[in-house]
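Spelled out from the first residue to the last, the chains are:
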Amino acid sequence: MSCVLLAAAPRVLPEGVPGALVLLLVGMTVVFAVLGGLTLLIWFIGRVARDRTAEAAVGGGEAERGAPVSPPAAVGSAPGPEAQAGVRVESAGGPVPSEPSAEVAAAAMLDPSGRTVPAGGPFSSAELAAVGVAVEETIRRRAAGMPEGAGAAAVRAAAESPGAGVWGAAAFAGRPGTAMPVLRRG
Amino acid sequence: MAEFLGWIGELWGTMGFENLVWQQPVMWCIGGLLIFLAIRFEFEPLLLIPIGLGAIAVNVAPDLVAPPVGDAAGGLYHYFLYGIRLELFPPLIFLGIGALTDFGPLIAAPYTFLLGAAAQLGIFVTVVGAVLLGFTHREAASIGIIGGADGPTTIFTTAKLAPHLLGSVMVAAYSYMSLVPVIQPPIIRLLTTKQQRTIRMEQLRPVSRRERVLFAVVSMVLCSLVVPAAAALFVMLMLGNLLREALVADRLSKAAQNEIINIVTLLLGTCVGMNMHYSMFLTWGSLKILLLGAVAFAFATAGGVWFGQILCKLTGGKVNPMIGAAGVSAVPMAARVVQRLASAEDPECFVLMHAMGPNVAGVIGTAVAAGVLIAILQ
């Protein structure tokens, strides 16, 4: 439609304001048509991509490697520093699990303010990183004889901790020296 | 003695003092003001410093950008000719912008494309306003594009449609871009209620690499097909973005994000400054352009917020209408303004990434608008 409009636009515009109004009308229509077309295309691509990812997950495959975690400003939680800066954050190379483990799901039931939120979100990427590192640590300690249930408690504490975002961002940035207090205690 | 005095007289004649007119010191002051604003208040320093110095330089030695005579090297003429007049710089800047831009928020919420489209209202309303003030259609289009808040696109359009206005239009564009945090908040507050400003939006979904790559290719093809007049901008923008998202051309992506964009920004700013000769800049037209630039920014912001209101209604209050204001493509400043306003009303309301969607859509929208204007008027 926008092509037609551009083709149909008068080669010689009327003088003065009428010509400017033609520009306004044609211009806004073409801009909306192009960006509207892109909206539909991207929506369609997104839908197909998500369907494929879901199929891969159901089929036992892993989610696309390197799939980035969007840097969202989580509802009801503080955004990580990278989100504040508007910088894209990617997962640390591993897949983003579509089916969280029971422990992570339990932890995700609480956001930092203690309010109940749906499992799996909403989390800022930094908080997700905090939970991820807590899970990793849990697995390591369980192998070393950590008592049953203590891992879930640590993960839950990571999710509940008001400083989880900051701590997770530090871990995310490759500064594991800033060990999480809750795990040090554990 | 007489011979010596004659020689001194000749030497004096070769200096710039003899032809000095009052407008030149005025332009030095304007150049100095731009440098002061950049250093003191950090208003777009990467651009205003070279622009300011270029403005002073061309009003000290106008021959800097004059075509060379005979075998002379020609000062900085060739930078100016190839960079601005022949439009080498804007597509290169777009390459860097593409490599720096994360289109993820836009892909995650494609409807924000429409907010980026609505914010282009400022461009076209200003075209009407400029014609009312006596500018020709081509000049009006060059002035209107200021409302897109996109420097390279403004240069691209103005160099094609009204090159004699380049200096004034660029100064207006970059001045207002640096003033986005001042211009936008009152307009946003005027057009939204406190309740609307505190609307919390749902978290954006993760976007896969496949989607990002497809987005770059598909949008480049579609935009270039529909508006070939601005294809140079789309191609370079999406090439930069593809380098970034492909994750296999890290070296090129980093070069585009750093070295290329830095060098071109430096040369672009200097050349724009050198286009500010007093004979072209100290006119009533420049004052009108400054005024129209403010109109353009105001309507661009308003257009986005108005469309945000429509989306808010259509979604039953799930879209914070403020994010429409980020449709002006001052990335990421406009999105930050929206976040700051949201945080001021509700410290736990985070809409930054949602505002980044229309913000980057605005870059594409402005390029489309520029393409339309060029296609019709050139």
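Residues numbered from 1 in each chain as written. Chains lettered and ligands numbered in written order. Predicted model: local features only at pLDDT ≥ 70, side-chain atom pairs only at ≥ 80, totals over all residues. Heavy atoms only, no water.

Draft legend 1. How the structure looks around the overall build of chain B. Scanning chain B from N- to C-terminus turns up 20 helices and zero strands. Taking 2.2 N^0.38 as the reference for a compact globule, 378 residues should give roughly 21 Å; the C-alpha atoms of chain B span a radius of gyration of 22 Å, in line with that estimate. Along the three orthogonal principal directions, the C-alpha set of chain B runs to about 90 × 45 × 40 Å. Sorting the 378 residues of chain B into buried and exposed places 57% on the buried side. Sequence separation of 24 or more characterises 77% of the internal contacts of chain B that already satisfy a separation of 6 or more. Each charge sign in chain B was given a centre, from 20 positive and 19 negative side chains, and these centres are 15 Å apart. (Helix = DSSP H or I, 4+ residues; strand = E, 2+ residues; numbered from the N terminus. Rg over C-alpha atoms; globule rule 2.2 N^0.38 Å. Buried < 20%, exposed > 50% of the residue type's maximum accessible area, 1.4 Å probe, protein only. Contact = heavy atoms within 4.5 Å. Lys, Arg positive; Asp, Glu negative; His and termini not counted. Charge placed at Lys NZ, Arg CZ, Asp CG, Glu CD.)

Draft legend 2. Focus on the packing of helix α12 (residues 180-191) of chain B against helix α19 (residues 333-345) of chain B. All names here are of chain B. For the pair α12 and α19, the least separation of the axes is 10 Å and the interaxial angle reads 50°. What the angle tells us is that α12 and α19 run oblique. Every pair of crossing elements has a handedness; the one defined by α12 and α19 is right-handed. On the side of α12, the interface is formed by Val180, Pro181, Gln184, Pro185, Ile188 and Arg189, while α19 contributes Met333, Ala334, Val337, Val338, Arg340 and Leu341. Residue composition of the contact of α12 with α19, by class: nine nonpolar, one polar and two charged. (Axes fitted to C-alpha atoms, helices over the stretch in contact; angles between N-to-C directions. Parallel < 35°, antiparallel > 145°, perpendicular 65-115°, else oblique. Left-handed = near helix turned anticlockwise from the far one by under 90°. Nonpolar A, V, L, I, M, F, W, Y, C, P; charged D, E, K, R; others polar.)

Draft legend 3. Seen up close, the confidence of the model for chain B. Residues at a pLDDT of 70 or more form 100% of chain B, whose mean pLDDT is 89. Among the scores for the predicted complex, ipTM is 0.85 and pTM is 0.71. (pLDDT = per-residue confidence, 0-100.)

Draft legend 4. Representation of the environment of glutamine 203 of chain B. Topologically, glutamine 203 of chain B is positioned in the loop between α13 (194-197) and α14 (209-226). A C-alpha to C-alpha distance of 9.3 Å links glutamine 203 of chain B and valine 351 of chain B, two positions 148 residues apart in sequence.

Draft legend 5. Region of the structure containing a nonpolar patch on the surface. Residues and elements named next belong to chain B. Together, Met1, Phe4, Leu5, Trp7, Ile8, Leu11, Trp12, Met15, Phe17, Leu20, Trp28 and Val60 give the surface a local cluster of nonpolar side chains, amounting to about 1200 Å² of exposed area. Counting residues per element, the nonpolar patch draws most heavily on helix α1 (residues 2-14), at six residues. Inspection of the secondary structure assignment puts tryptophan 28 in helix α2 (residues 23-41). What makes tryptophan 28 partly exposed here is its relative accessible area of 31%. (Patch = residues over 30% accessible without salt bridge, like charges linked within 9 Å, V, L, I, M, F, W, Y side chains within 5 Å. Areas by Shrake-Rupley, 256 points an atom, 1.4 Å probe, with all protein chains shown as cover. Salt bridge = Lys/Arg side-chain N within 4 Å of Asp/Glu carboxyl O.)

Draft legend 6. Here's a closer look at the pattern of salt bridges. Residues and elements named next belong to chain B. Under the defined criterion, the tally for this structure stands at 10 salt bridges over all chains. Among the ionic pairs, arginine 212 bridges to aspartate 102, the shortest N-O distance being 2.6 Å. With a gap of 110 residues between them, arginine 212 in helix α14 and aspartate 102 in the loop between α5 (89-100) and α6 (104-108) connect regions that are remote in the sequence. When the shortest N-O distance is used, the salt bridge between lysine 254 and aspartate 250 registers 3.1 Å. Separated by four residues within a single helix, lysine 254 and aspartate 250 lie in helix α16 (residues 250-273), roughly one turn from each other. Judged by its relative accessible area of 45%, aspartate 250 falls in the partly exposed class.

Draft legend 7. Examining helix α4 (residues 77-85) of chain B more closely. Residue and element names in this part refer to chain B. Residues of α4 that are buried include every one of Tyr77, Phe80, Gly83 and Ile84, and no others. Along the axis of α4, the buried positions cluster into a sector of 155°, meaning they face one direction only. Buried-residue contacts for α4 involve α5, α10 (151-161), α11 (166-178) and α16. Glutamate 87, located one to two residues past α4, shows a positive phi value of around 60°. (Arc of directions from axis to C-beta.)

Draft legend 8. Structural view of the nonpolar core. Residues Ile364 and Val368 of chain B are the most contacted members of the largest nonpolar core, which totals 130 residues. Look past the residues within four positions of valine 368 of chain B in its chain and what remains in contact with it is Val30, Val31, Val34 and Leu35 of chain A together with Cys223, Val227 and Phe234 of chain B. (Core = buried A, V, L, I, M, F, W, Y, C linked by side-chain atoms within 4.5 Å.)

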